[in-house]
Amino acid sequence: MITELNRVTVGLLVAFLVVTAGLVYWSVVQADDLLAREDNLRSVIAEQRIQRGAIFDRDGERLAYSQAQANGVMQRIYPYPEASGVVGYYSFTYGAAGLEAAFDEELRGDDLRDDWGRFVDETLHRTQQGSDIRSTVDLDVQRAAAAALGDQSGAVVVVHVPSGRVLAMVSQPGYDPNLVETDWDALTEHEDTSPLLNRVTLGLYQPGGALYTVMLAAILASYPDLDEAGGYVLNGDVPDAQAPVMVNSLTLTCLDRVTDRPLTLAEAYSYGCPGPFAAVLGQTVTPDRLWERFGAVGLLEAPALAGFETVAGDRPDPLTDATPPETLIAAAVGQSDLTVTPLHMVEIAAAIANRGNAVPLHIVDAVRQPGAADWEAIQIPALQPALLREDVAEAVRLTMLQAAALSPTVAQARRQNLVLYGHSALAFGGPDATPYAWFVGFVDQSEGSAVEAVAVVVVIEGEPDAGRAADVAGAAFEAAVYSNME
Amino acid sequence: MTASIPALMTANLDGDALRQAGWRERLLLALAGLFLLANHVTLIVADGRRWAALWPVGVWALCALAGHVALERVLPGRDPLLFPLAMFLTGWGLNLIARLVPSYTGRQTAWVVVGTGALLAVLALPRDLRWLRRYRYTWLISGLVLLGITILVGENPSGGGPRLWLWLGFGRVYYQPSELLKILLVVFLASYLAEHHRYMRADTVRLGMWRVPSPAFLGPVLLMWGICVIVLVWQRDLGAAALFFVVFMMMLYLASGQAALFIGGTILLLLAGVVAYLLFDVVALRVDIWWNPWPTADSDAYQVVQSVMAVAAGGVLGEGIGQGAPTIIPVVHSDFAFAAICEEWGLLGALAALVTIAALVVRGMRIAALARQPFRALLAAGLSLMLAFQSLFIMGGVLRLLPLTGVTLPFVSYGGSSLLTSFVIVGLLLVLSDDGRGAA
């Protein structure tokens with residue numbers, strides 16, 4: 001029996017060796033491939049334990065932070081759901097949006113460790129900690145703008161000039177980032193109207209009359225020297241300025257009720273009359289020049305906002321002499337295929353306030369590493385290309401001041417003794433010509449030669465009264481100016 | 001007699017070694033205790049548990065002490081490795097249960113006490129083991145009857161699933177009779193084959209090119225074994241059925257010396273596998289999952305895929321106790337205890353467990369080789385083979401070397417029945433190891 005016992009024993013040892021080989025195979029040879037699999041819950045668990053940095057507003061109010069639960073999973077908490085347009089959300093299941101997505105690397109702390117550091121931390125089971133970020137957004141302005149918009153759908157964006165700090169970014173309908181996971185199906189049911197769509201950066205709107213500001217600038221830019229021609233251009237009577245414009249079965253009229261008299265270009269702009277702008281093509285501005293102007297003010301490309309996803313508007317074929325006249329007219333009054341986001345428009349408004357120079361839009365200005373006491377400023381690119389010639393910007397600026405004085409619609413944005421520059425407009429979008437109320441403007445607080453202003457763009461969906469948008473803008477101006485003054 | 005045995009098995013116990021046996025056992029038990037203590041302390045610190053959670057270590061130490069004292073007194077010539085190796089794995093199992101399902105710690109610790117008690121009881125019984133040998137049919141049939149009762153009134157403590165357990169009447173204690181049958185079948189086979197093995201070797205018939213023992217000898221044993229397997233298959237305890245099949249083949253080979261039987265048995269096993277694959281959905285599913293788990297990684301093959309993923313996550317050094325995520329694997333504490341060891345103690349820890357089990361098995365086979373009577377040799381070999389194949393089946397299943405069979409990792413997995421059986425096996429091996437050399 002001994003021989004048999006020996007054989008069986010040797011056989012068993014061989015079997016144990018095979019198991020050893022299997023162990024080495026899975027734990028060493030195949031380990032990396034296996035752990036990279038999507039159904040490896042360990043990566044989810046590791047993700048859930050990351051101490052994500054907090055997001056602060058400019059006054060140190062916490063807009064988002066992580067809190068450890070009993071099971072070690074970090075829960076993300078958003079004290080102010082009305083800031084969802086800025087902060088976005090962070091979900092283990094559905095990913096991230098807003099600042100949570102734009103500054104994911106810093107918030108997770110991925111930028112703080114190299115491969116060796118990561119290896120050491122993982123071996124010692126150290127919790128991964130991310131940096132805090134400080135937003136330029138002012139919670140007071142954000143809440144005031146959201147409250148003014150009420151339960152209407154639309155967008156408000158408030159930018160400080162010349163710094164380019166975004167003070168508020170409201171997108172409505174909003175959502176509660178705390179409940180994104182539970183509400184996900186409802187939130188994503190309709191892609192086009194989803195509350196998750198950030199209407200400031202991604203909402204593509206028909207510009208309609210809001211494009212008149214760009215048109216006005218284009219007309220003015222066609223004169224080489226406005227010091228000479230400016231007064232004449234703006235204040236000379238325009239024939240048939242009040243005449244309605246027919247475009248795509250729509251009849252466009254002046255925004256404000258105007259007595260039947262000849263209007264200057266400045267007045268026509270102020271009252272939101274389409275006539276002079278529909279008629280201008282082929283006279284003072286050629287179609288390809290206009291197309292160039294659209295490009296020069298940034299309407300044809302996606303604006304840049306640190307890490308945020310942005311879009312270029314729907315871009316029709318370039319305008320040329322061969323473009324059919326009705327398409328040219330539609331393009332001139334903002335009813336063509338060209339769509340824009342509120343972010344596009346606020347860039348233009350800020351540039352007008354800033355002597356034609358673009359402002360460096362940004363929404364986060366400092367990062368604080370875990371454990372550190374001090375904030376580290378983020379370098380903001382100082383390069384500010386000119387969107388408009390300085391004299392053109394100045395002429396448009398003065399016309400907007402005139403509009404605030406003349407137009408009762410624009411005047412609804414006036415608050416206290418703020419110096420208001422603005423333009424109100426309606427646009428009609430979609431097959432059933434849904435009205436969109438626009439306001440584009442700023443309040444100037446410059447003292448001396450240094451520019452200081454707050455630019456605001458408001459768009460309200462389904463709102464036939466452009467004054468509503470101006471009123472919302474007024475609330476934003478008030479909050480921005482007076483909360484800045486403390 | 002020992003000339004051809006591998007070196008590990010020939011370490012003959014001379015006088016000095018004998019005097020050292022108790023000392024060696026104490027040293028090894030102390031090392032095992034240190035391992036258990038260190039792991040428990042780490043777990044408490046890592047998880048922020050209360051220090052009172054250390055109590056299972058104390059109970060384990062008392063069991064180890066009681067076992068050691070009793071062994072010193074009753075079996076001075078025993079193999080000094082068996083008990084410490086078994087206690088080492090048992091302690092590791094306690095660590096694992098405390099880490100994976102803290103609420104089961106109390107019950108598992110209680111079973112360790114019961115297991116130690118059973119081991120001491122085996123020591124207290126007559127050491128010539130004639131009581132086992134003589135009444136082989138009685139033992140086996142009572143085991144089968146118990147199993148039959150399970151079929152009629154069995155339950156599953158977890159609510160659903162196969163009804164493999166008997167409710168023992170006090171508290172919520174369950175026992176799985178197929179575990180007891182493991183020992184009883186080995187006893188029966190050892191007893192029967194020991195009585196007949198001389199004839200089996202002499203009286204053979206030609207079957208084609210092979211010579212096999214006459215059916216007159218094989219008949220009864222095939223019948224009894226067949227009943228066991230049929231009952232187990234009936235009960236859907238296919239892991240145990242497969243285990244019985246393999247151990248039976250091995251013991252038949254040991255007794256008869258006929259390689260033909262072994263080869264024939266292997267072919268039979270494969271045939272049985274094919275039949276089971278065609279007949280039982282459970283088997284078909286297990287085999288399919290084993291062959292290619294990836295397409296169903298999120299459903300049927302979830303456990304197996306998560307199991308190898310746990311092994312991968314452990315790497316060479318392991319995550320450390322309480323630091324990995326083995327609880328992702330469903331019922332990790334029983335079927336996938338080995339995967340949890342791989343994740344938290346790494347390749348090194350898994351190899352330590354593997355070597356411990358292999359050493360236990362090799363020492364058991366050595367006892368068989370040194371035994372003076374065929375019955376004792378076959379019994380020692382059979383019990384060792386049970387431990388060996390049970391371990392190989394579940395480790396192979398965890399590592400996807402074999403289809404998964406629902407057997408436990410001896411001593412380590414959660415489960416009182418399995419722990420009790422393993423302790424009785426070690427008790428019997430200890431008795432067999434003191435084969436008159438020390439005691440005589």
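Residues numbered from 1 in each chain as written. Chains lettered and ligands numbered in written order. Predicted model: local features only at pLDDT ≥ 70, side-chain atom pairs only at ≥ 80, totals over all residues. Heavy atoms only, no water.

Requested: an account of the state of the cysteines, with residues and values cited.
Defined simply, a disulfide is a covalent bond joining two cysteines at their sulfur atoms. All names here are of chain A. Applying the stated criterion across every chain yields a total of one disulfide over all chains. Between the sulfur of Cys254 and that of Cys273 lies a disulfide, 1.9 Å long from S to S. Disulfide Cys254-Cys273: the torsion about the S-S bond is 115°, which places it as right-handed. Taken as a pair, Cys254 in the loop between β11 (250-252) and β12 (263-264) and Cys273 in the loop between α12 (265-271) and α13 (275-279) lie far apart in primary sequence, 19 residues in all. Each member of the pair, Cys254 together with Cys273, is buried. (Disulfide = S-S within 2.5 Å. Helix = DSSP H or I, 4+ residues; strand = E, 2+ residues; numbered from the N terminus. Buried < 20%, exposed > 50% of the residue type's maximum accessible area, 1.4 Å probe, protein only.)

Break down the interface of chain A and chain B for me, with residues and values.
On the side of chain B, 55 residues touch chain A, which itself brings 31 residues to the contact. Interface of chain A and chain B: buried area, both sides summed, is about 3,700 Å²; carbon and sulfur atoms make up 77% of it. The largest per-residue losses of area from chain A upon contact with chain B belong to Phe16(A), Trp26(A) and Arg42(A), which jointly make up 20% of the total buried on that side. Counting across the chain A and chain B interface gives one salt bridge. In this structure, the salt-bridge partner of Glu343(B) is Arg42(A), at a minimum N-O distance of 2.7 Å. Where chain A packs against chain B, one counts four residue pairs in polar contact (both at pLDDT 80 or more). Of all the secondary-structure elements, those providing two or more residues to the side of chain A that touches chain B are α1 (2-29), α2 (31-35) and α3 (41-49) of chain A. For the side of chain A that touches chain B, the element with the highest residue contribution is α1(A), accounting for 20 residues. Of the residues belonging to the side of chain A that touches chain B, the class tally is 19 nonpolar, seven polar and five charged. (Contact = heavy atoms within 4.5 Å. Buried area = accessible area lost by both parts, 1.4 Å probe. Salt bridge = Lys/Arg side-chain N within 4 Å of Asp/Glu carboxyl O. Polar contact = N/O pair within 3.5 Å; in protein donor to acceptor, adjacent residues only side chain to side chain. Nonpolar A, V, L, I, M, F, W, Y, C, P; charged D, E, K, R; others polar.)

Describe the nonpolar core, listing the residues and the values that go with them.
Counting residues in each nonpolar core, the largest one holds 149 residues, and the members touching the most others are Phe338(B), Leu379(B) and Phe389(B). With 19 residues, helix α14 (residues 337-370) of chain B is the largest single contributor of residues to this core. The next biggest cluster of nonpolar side chains, apart from the first, holds 110 residues, and it includes Ile219(A), Leu263(A), Ala278(A) and Val396(A). (Core = buried A, V, L, I, M, F, W, Y, C linked by side-chain atoms within 4.5 Å.)

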